[in-house]
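Results of the structural survey
In case you want the letters, here they are:
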Amino acid sequence: MIRVSRTMATRPISLISPGMKAIVYKSTGSWYTVKDEAGNWHNARIKGVFKIDDITSTNPVAVGDQVEIETEDKIENTAIITEIKPRQNYINRQSPRSKHQHHIIAANLDQSFLIATLKEPRTSQGFIDRFLVASESYHVQPSIIFNKADIYKKKEQDKFDLWSEIYGNVGYNVYRVSVKENAGIDALLGQVQGKTTLFSGHSGVGKSSLLNAILPNLQIKTQDVSEWSGKGMHTTTFAEMYDLPGGGAIIDTPGMREFGLVDISKQELSHYFPEMRARINDCQFNNCLHINEPGCAVKAAVVEGEITEDRYVSYATILESIEEKNY
Ligand SMILES: Nc1nc2c(ncn2[C@@H]2O[C@H](COP(=O)(O)OP(=O)(O)OP(=O)(O)O)[C@@H](O)[C@H]2O)c(=O)[nH]1
Ligand SMILES: [Mg+2]
Ligand SMILES: [Zn+2]
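Small disclaimer: the values here were computed from a predicted structure and weren't measured. (Residues numbered from 1 in each chain as written. Chains lettered and ligands numbered in written order. Predicted model: local features only at pLDDT ≥ 70, side-chain atom pairs only at ≥ 80, totals over all residues. Heavy atoms only, no water.)

Describing the coordination of the zinc ion (ligand 3)
- Protein coordination at the zinc ion (ligand 3): the donors are C283 (SG), C288 (SG), H290 (ND1) and C296 (SG), at 2.1 to 2.4 Å from the metal.
- Each of the four donor atoms bound to the zinc ion (ligand 3) contributes to angles spanning 104 to 117°, and the resulting shape is tetrahedral.
- All donors to the zinc ion (ligand 3) come from one chain, and their sequence spacing reads C-x4-C-x1-H-x5-C. Placement of the pair is C283 in the loop between helix 6 (274–277) and helix 7 (297–303) and C296 in the loop between helix 6 and helix 7, with a sequence separation of 13 residues.
- Taking the relative accessible area as the measure of exposure, C283 reaches 8% and is therefore buried. (Donors = N, O, S within 2.8 Å, 3.2 Å for Na, K, Ca; no water. Tetrahedral: all angles 85-135°; square planar, octahedral: opposite > 155°, others 65-115°. Helix = DSSP H or I, 4+ residues; strand = E, 2+ residues; numbered from the N terminus. Buried < 20%, exposed > 50% of the residue type's maximum accessible area, 1.4 Å probe, protein only.)

Notes on the coordination of the magnesium ion (ligand 2)
- The protein atoms that coordinate the magnesium ion (ligand 2) are S208 (OG) and T236 (OG1), at distances spanning 2.0 to 2.2 Å. With S208 in helix 4 (residues 207–214) and T236 in the loop between helix 4 and strand 12 (240–243), this residue pair connects regions lying 28 residues apart in the sequence.
- Classification of S208 as buried rests on a relative accessible area of 8%.
- Judged by its relative accessible area of 16%, T236 falls in the buried class.

Re the packing of aromatic side chains
- Enumeration according to the criterion identifies nine aromatic pairs in this entry.
- Between Y25 and W41, the aromatic rings sit 4.9 Å apart at their centres with planes inclined by 80°, giving edge-to-face as the arrangement. Here the residue Y25 occupies a position in strand 1 (residues 20–27), and W41 occupies one in strand 3 (residues 41–46), the gap between them amounting to 16 residues. We note that Y25, like W41, is buried.
- Each ring, one from F273 and one from Y315, has its centre 5.6 Å from the other, and the planes form 90°; the classification is edge-to-face. In this pair, F273 is assigned in the loop between helix 5 (266–269) and helix 6 and Y315 in helix 8 (residues 309–321), connecting sequence segments 42 residues apart.
- Linked through ring pairs, F127, F131 and F259 together constitute an aromatic cluster. (Phe/Tyr/Trp six-rings, centres within 6.5 Å; stacked < 30°, edge-to-face > 60°.)

Take a look at the structure:
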């Protein structure tokens, strides 16, 4: 297998004019791989403390960020990130290490693809719903891609049919693909063209494999079948963005075990369930949380079968997990 790596690119020295703009393609913690507006790659880092908004983030600069850079070392072709441009949007989650910190997964996105599986490994509905809520809350259009269709037996196929109907009715695009059999990939090609798309999901669901199928020349590392233990060892260790030949880009990310939501209040949660959002104004109380309140239009819709019970259970579970901040 050919492994192409742009990291720590050693190229002829390319001049960086003062205040030159660049985009972050990869972040390894302390070093960032950036591409400047002339198309040259640099290894860049930040100096001093960057305070963005008031958030405590484990990573001040994220893949997809637009930054300004200046030369640090001409011989080594390293640069300093001097400014981060305001983000159009981003998706973040709770840091797995500390619930008081968050981790920005990527910034300036047009859409997000949740790569999900029904077995090897199994993606839970709770995980799917949290991911959808996070995307909705940052105004990033999500789609769900069920991969590994080649191993679906009747049980998995029935589940796919059910979920595809549930999420389709909510308004999300749902795809059924098998990277292994190269099935269903064509339908995705048109969807990613010209857009910046985030690939996210558990480890081992086939995010990098799907990216390789879309960009066959890339040959990025995926989990060897023999290494596959079902335990979700991470093959991709850093988020990285890849340009598409006809325009647009895909951001491949390391798999995540859980998706901890940040900065969403109990009061706003139902706004991120589109099928609830459409009914909130009909609730008797305008601060209705749709649990025990009288005259609740959301609960009425669940009883009438217009809102799926599973989605409502996800809503109630997430609601319960939100700790209100005491300002
Ligand atoms: N049966 C089957 N296996 C697949 C399919 N797509 C990917 N795989 C296998 O699933 C394993 C994991 O694939 P990766 O692409 O490395 O998964 P990933 O989501 O990038 O994982 P992380 O980088 O750890 O987050 C590999 O052994 C792939 O060969 C598929 O459609 N069917
Ligand atoms: Mg991967
Ligand atoms: Zn209500």
